[in-house]
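These are the residues of each chain, in order.
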Amino acid sequence: MASLGSNRFKQHKTKKVTKRTSSNPLNNLPQHQITELCELFRLIDTNNKGVIEREDVRTMLTLWNDSAPTEKQLDGMLSDACGVGLNQTLFLTLFAQRLKEVDTPETIKNAFQCIDIENMGTVNAQELRDLLVTKGEHRLTDTEVDEIFSRMTFKDGRLEYDAFTRMFQNCQNNS
């Protein structure tokens, strides 16, 4: 009898256990980023109800941008919430999904290389501005480009895109 039990144990021991992969986007975020997003949730939830509602988002954006967002902007931001307030779990999940969609530094560098015809490692600021406001699915306004450019360093009217890509990568690693 003792040998029968040990044979069954050996059979079970050799079974391969497959690990399930999770589709939860929060699993891809580092703990410090989850902590920062939780703090952001608390900042936006000004009435401490545990739910971010449309007026909370409007108030936050008005304070941060010195102007109220349009109804269309609010609709776009809250479309994934399906008309309900955002509890902390939904807020974190939606943010994690958006962060996953951000282009990698390699992708950004490759895009710059496509417009660097002379292969100098730089792009002309005016040409870049023109592309950002006139091309692509998500065109920027001049004001948005001004905001982006205010954070960049240009030399002789040109952007060194390797430095920009490194700066972008550092921002991703710190966030």
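Undergrad: Kindly report on the overall build of the protein, identifying the contributing residues and their values.
TA: Along the backbone of the protein there are nine helices and five strands. Along the protein, from the amino end to the carboxyl end, the secondary structure elements read α-α-β-α-α-β-α-α-β-α-α-β-β-α. Out of the 175 residues in the protein, the part that is buried amounts to 25%. Here the analysis covers contacts within the protein between residues at least 6 apart in sequence; of these, 57% occur between residues at least 24 apart. Just so you have it, the protein exposes about 13,200 Å², and 53% of that area is on carbon and sulfur atoms.

Undergrad: Mind laying out unusual backbone geometry, listing which residues take part and the relevant values?
TA: Positioned with a positive phi, N48 is a non-glycine residue whose angle comes to about 55°. Relative to the helices and strands, N48 resides in the loop between α2 (31–44) and β1 (51–52). Residue classification places N48 among the exposed residues on the basis of a relative accessible area of 65%. The backbone of N119 sits at a positive phi, close to 55°, despite the residue not being glycine.

Undergrad: I'd love a proper account of the nonpolar core, names of residues and values included.
TA: Soluble globular proteins tend to pack their nonpolar side chains together in the buried interior. Within the largest apolar cluster, 20 residues are counted, with the highest numbers of intra-cluster contacts made by L29, I44, I52, V57, L86, F91 and L92. Going through the elements one at a time, α2, α3 (54–65), α4 (71–78) and α5 (88–100) are the ones with two or more residues in this core. I108, A125, F149 and F164 belong to the second largest nonpolar core, which has eleven residues in total.

Undergrad: Just give me the short version of the sheet that holds strand β5 (residues 158–160), but keep the residues and values in it.
TA: Pairing is antiparallel in the open sheet, where three strands are placed in the order β3-β5-β4. What marks the edges here is a single partner per strand, and that holds for β3 (122–124) and β4 (154–155). Both β3 and β5 contribute to a ladder of three bridges, which runs antiparallel. Residue pairing for β5: N124 is matched across the bridge by R158. Strands in contact with helix α7 (residues 125–134) are β3, β4 and β5; relative to β3, the strand with the most contacts, it is inclined by about 70°.

Undergrad: Describe the side chain of T122, with residues and values.
TA: Relative to the helices and strands, T122 resides in strand β3. Engagement of the side chain of T122 in a polar contact is seen with the side chain of R158, the distance being 2.7 Å. Ignoring anything within four residues of it in the chain, the contact list for T122 reads D116, R158, L159, E160 and Y161.

Undergrad: Which residues make up the layout of surface pockets, and what are the values?
TA: Over the atoms rolls a probe the size of a water molecule, and in doing so it shows where empty space is left. Each pocket or cavity is described by its volume, and for the largest pocket that value is around 1,700 Å³. Taken together, 28 residues make up the lining of the largest pocket; nearest its centre are L61, M77, F95, R98 and E144. Taken together, the elements giving at least two residues each to the lining of the largest pocket come down to α2, α3, α4, α5 and α8 (142–149). Its residues placed into classes, the lining of the largest pocket shows 17 nonpolar, three polar and eight charged.

Rules used in this analysis
Residues numbered from 1 in each chain as written. Predicted model: local features only at pLDDT ≥ 70, side-chain atom pairs only at ≥ 80, totals over all residues. Heavy atoms only, no water. Helix = DSSP H or I, 4+ residues; strand = E, 2+ residues; numbered from the N terminus. Buried < 20%, exposed > 50% of the residue type's maximum accessible area, 1.4 Å probe, protein only. Contact = heavy atoms within 4.5 Å. Areas by Shrake-Rupley, 256 points an atom, 1.4 Å probe, with all protein chains shown as cover. Core = buried A, V, L, I, M, F, W, Y, C linked by side-chain atoms within 4.5 Å. Pairing = 2+ DSSP bridges. Axes fitted to C-alpha atoms, helices over the stretch in contact; angles between N-to-C directions. Polar contact = N/O pair within 3.5 Å; in protein donor to acceptor, adjacent residues only side chain to side chain. 1 Å grid on protein atoms, 1.4 Å probe; cavity = no way out; pocket = protein on both sides within 12 Å on 5 of 7 lines; lining within 4 Å. Points joined across faces, edges and corners; volume = space filled by probe spheres on them. Nonpolar A, V, L, I, M, F, W, Y, C, P; charged D, E, K, R; others polar.

Worth remembering: the numbers are spatial, not functional.
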